[in-house]
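Chain and residue survey
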Amino acid sequence: MAFRIITDSATDMPMDIRDKYHLHVIPTPFIVNGVDYLDGEKMTTEEFYQLLDDEKNIISTYHINEYMFKNAFEPYAKAGDEVLYCCFSTGIAGTYNAANLAKRELLEQYPDFKITIKDCKSASLGFGLIVYKLLKMQENGAPKELILEAADYFTSHIRHVITPQTLKYLIKGGRISKVSGIVGEALDVKPIIIVNKEGALEPISKVRGRKKSLKALVDYVEKNVAPIEGQVLGMCHAGDPEAFEYTKSLLLERMQPKLILTSMIGCAIGAHTGRGLIGIVFMDADDGKYAEYLK
């Protein structure tokens, strides 16, 4: 029997962390021109963005379904392991509900199976950062009960701030109206978007120009981040390494975090934002009583 922390590919978890902790990452499905794929399998992230760049391709995503979750969870049920599954926000996708349906079905067959499905109210490297902290705690000997408690604490204090390169995918997905989107594109308006405490996307401001929008991300972090000494931040991008490096340099001019996790945004979010999204994730509180396990 063991206590396992698992997640899904919408975390955009850096590969070195996945490898170090032998992390089980359930892949997110997506469809290209009627053909099903799984995030990170048979197609690299850059190949995905190359397909997305060509507007002739029809690309969509759907959340991991009950059947997929049952297949992912059942080996742990059979082995008698206990599981903490850290899940994509219910405010953005239906992943959490599908996971719970699979859990209920498995408990009929394996009534002693212990699995906690945690809505991290986060997206991309936001819940990637939460998972990283929990894995670090487990590595340093934290008891299971404290890790489960910490999952709630970190979820309540995670912050995200993002800005897209283009508005056309937000228009296509109905997140902004077609008229305001077309006007915004013409005026080079870039929205600054957060994931709020309910785990939903929320625009908080608009700026004109790409560099101003990237600076606005750093401004938001500086205003809301917990004391930066010892902080681990996350930074991610959707196929735009130049904008990523520019934003990172702005951040490091003003803050000196302990570590910056970096990753490329996968299909779960990239399909709905297009190439060029830049995001920063961080905590608005220190690690509190969990700090001793995060050294």
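Starting from 1, residues in each chain are numbered consecutively following that chain's sequence as written. pLDDT decides what is reported in this predicted model: residues at 70 or higher carry local features, side-chain atom pairs at 80 or more are listed and counted, and totals for whole chains, interfaces and linings draw on all residues regardless. Hydrogens and waters are ignored; side-chain quantities use all the structure's heavy atoms.

1. So, the pattern of salt bridges
- When a carboxyl oxygen of Asp or Glu lies within 4 Å of a side-chain nitrogen of Lys or Arg, that pair is called a salt bridge. Counting across every chain of the model gives 18 salt bridges.
- As a salt-bridge pair, R275 and E46 come within 3.1 Å of each other at their nearest N and O atoms. You can see R275 sitting in the loop between α11 (267–273) and β13 (278–283) and its partner E46 sitting in helix α2 (residues 45–53), a full 229 residues away along the chain.
- For D284, the salt bridge identified is with R159, shortest N-O distance 3.0 Å. Placement of D284 in the segment after β13 and of R159 in strand β8 (residues 158–163) is noted, with a sequence separation of 125 residues between them.
- Judged by its relative accessible area of 21%, D284 is partly exposed.
- When salt bridges that share partners are traced, they join K215, D219, E222 and R254 into one network. Helix and strand assignments come from DSSP, with helices taken as H or I runs of at least 4 residues and strands as E runs of at least 2, each series counted from the N terminus. For every residue, the accessible area (1.4 Å probe, protein chains only) is compared with the maximum for its type, and the residue is labelled buried under 20%, exposed over 50%, or partly exposed between those bounds.

2. Observations concerning the nonpolar core
- Nonpolar core, defined: a set of buried Ala, Val, Leu, Ile, Met, Phe, Trp, Tyr and Cys residues in which side-chain atoms within 4.5 Å join the residues together. Within the largest apolar cluster, 54 residues are counted, with the highest numbers of intra-cluster contacts made by F48, L134, M137 and F154.
- Considering each element in turn, this core owes the most residues, nine residues, to helix α5 (residues 125–139).
- Residues within four places of F48 in sequence aside, it is in contact with F30, M43, I59, C267, G270 and A271.
- By size, the runner-up hydrophobic cluster in this structure holds 22 residues, among which are L214, V221, V225 and L250. In this description, contact between two residues means that some pair of their heavy atoms is separated by no more than 4.5 Å.

3. With respect to the pairing of strand β3 (residues 29–32)
- Any two strands between which DSSP finds at least two bridges are classified as paired. In the sheet, β3 pairs with strand β4 (residues 35–38) via four bridges, with the strands oriented antiparallel. Bridging across to β4, P29 finds its partner in L38.
- A loop of two residues connects β3 with β4, the two strands running antiparallel in sequence, and N33 in this loop sits at a positive phi of about 50 degrees.
- The pairing of β3 with strand β5 (residues 59–61) spans three bridges and is classified as antiparallel. Along β5, the bridge assignment pairs I31 with S60.

4. Topic: the layout of surface pockets
- Put simply, the second largest pocket is a space of about 310 Å³.
- In this analysis, the protein atoms alone were mapped onto a 1 Å grid. Cavities are point sets where a 1.4 Å probe fits without being able to get out; pockets are open sets with protein on both sides within 12 Å along at least five of seven lines; lining residues have an atom within 4 Å of a point. Taken together, 18 residues form the lining of the second largest pocket, with M13, M15, R18, G40 and T45 sitting closest to its centre.
- Going through the elements one at a time, α1 (15–20), β2 (24–26) and β12 (259–264) are the ones with two or more residues in the lining of the second largest pocket.
- Residues are grouped as follows: nonpolar covers Ala, Val, Leu, Ile, Met, Phe, Trp, Tyr, Cys and Pro; charged covers Asp, Glu, Lys and Arg; every other residue, Gly included, is treated as polar. Each residue belonging to the lining of the second largest pocket can be placed in one class, and the counts come to eight nonpolar, six polar and four charged. Grid points are joined across faces, edges and corners, and a volume is the space filled by probe spheres set on the points.

5. Description of the sheet that holds β3
- Spatial ordering of the open sheet is given by β4-β3-β5, a layout of three strands whose pairing is antiparallel. Both outer strands of the open sheet, β4 and β5, are each paired with one neighbouring strand and no more. Averaged over all pairs of adjacent strands, the angle between their axes in this sheet comes to 25 degrees, without regard to strand direction. Orientation is described by lines fitted to C-alpha atoms, with helices fitted over the stretch in contact, and by angles between N-to-C directions that extend from 0 to 180 degrees.

6. Things to note about the pairing of β8
- Among the six residues in β8, six count as buried, and that is most of the element.
- By the alternation rule, side chains of β8 split into I158, H160 and I162 and R159, V161 and T163, which are all buried.

7. Some thoughts on the sheet that holds β8
- Spatial strand order, β10-β9-β8-β13-β11-β12: six strands in an open sheet with mixed pairing. Of all the strands in the sheet, the pair left with one neighbour each is β10 (201–208) and β12. With direction set aside, neighbouring strand axes in the sheet form an average angle of 20 degrees.
- Alignment of strand β11 (residues 232–237) against β12, held across six bridges, turns out to be parallel. When the sheet's bridge partners are listed, M235 is paired in β12 with T262.
- Running at roughly 40 degrees to β8, helix α6 (residues 144–157) makes contact with β8 and β13 of the sheet.
- Sheet strands touched by helix α10 (residues 241–254): β11, β12 and β13. Its angle to β11, the strand with the most contacts, is close to 155 degrees.

8. So, the packing of helix α3 (residues 66–79) against helix α4 (residues 95–109)
- Axis separation between α3 and α4 bottoms out at 8 Å; the angle between their running directions is 55 degrees. Comparing the axis directions of α3 and α4 gives the class oblique. Note that α3 runs across α4; the crossing there is right-handed. Note on element contacts: α4 touches α3 through T95, A98, A99, L101, A102, E105, L106 and Q109, opposite E66, F69, K70, F73 and E74.
- Looking at the contact of α3 with α4 residue by residue, the classes come out as seven nonpolar, two polar and four charged. Angle categories: roughly parallel below 35 degrees, roughly antiparallel above 145, roughly perpendicular from 65 to 115, and oblique for all the rest. Rotating anticlockwise by less than a right angle from the far helix to the near helix defines a left-handed crossing, while the corresponding clockwise rotation defines a right-handed one.

9. Observations concerning the side chain of D12
- Take D12: it is sitting in the loop between β1 (3–8) and α1.
- The charged-residue count follows a simple rule in which Lys and Arg add positive charge and Asp and Glu add negative charge, with His and chain termini not counted at all. Although D12 is buried, it makes no salt bridge; R18 carries the closest opposite charge, 7.7 Å away.

10. Overview of empty space enclosed by the protein
- In this structure the tally under the stated criterion is one cavity of 30 Å³ or more.
- Taken as a whole, the largest cavity encloses approximately 40 Å³ of empty space.
- Lining the largest cavity are F30, D39, G40, M43, T44, T45, F48, G266 and C267.
- In terms of residue class, the lining of the largest cavity is built from four nonpolar, four polar and one charged.

Purely spatial values, then, with no claim about function.
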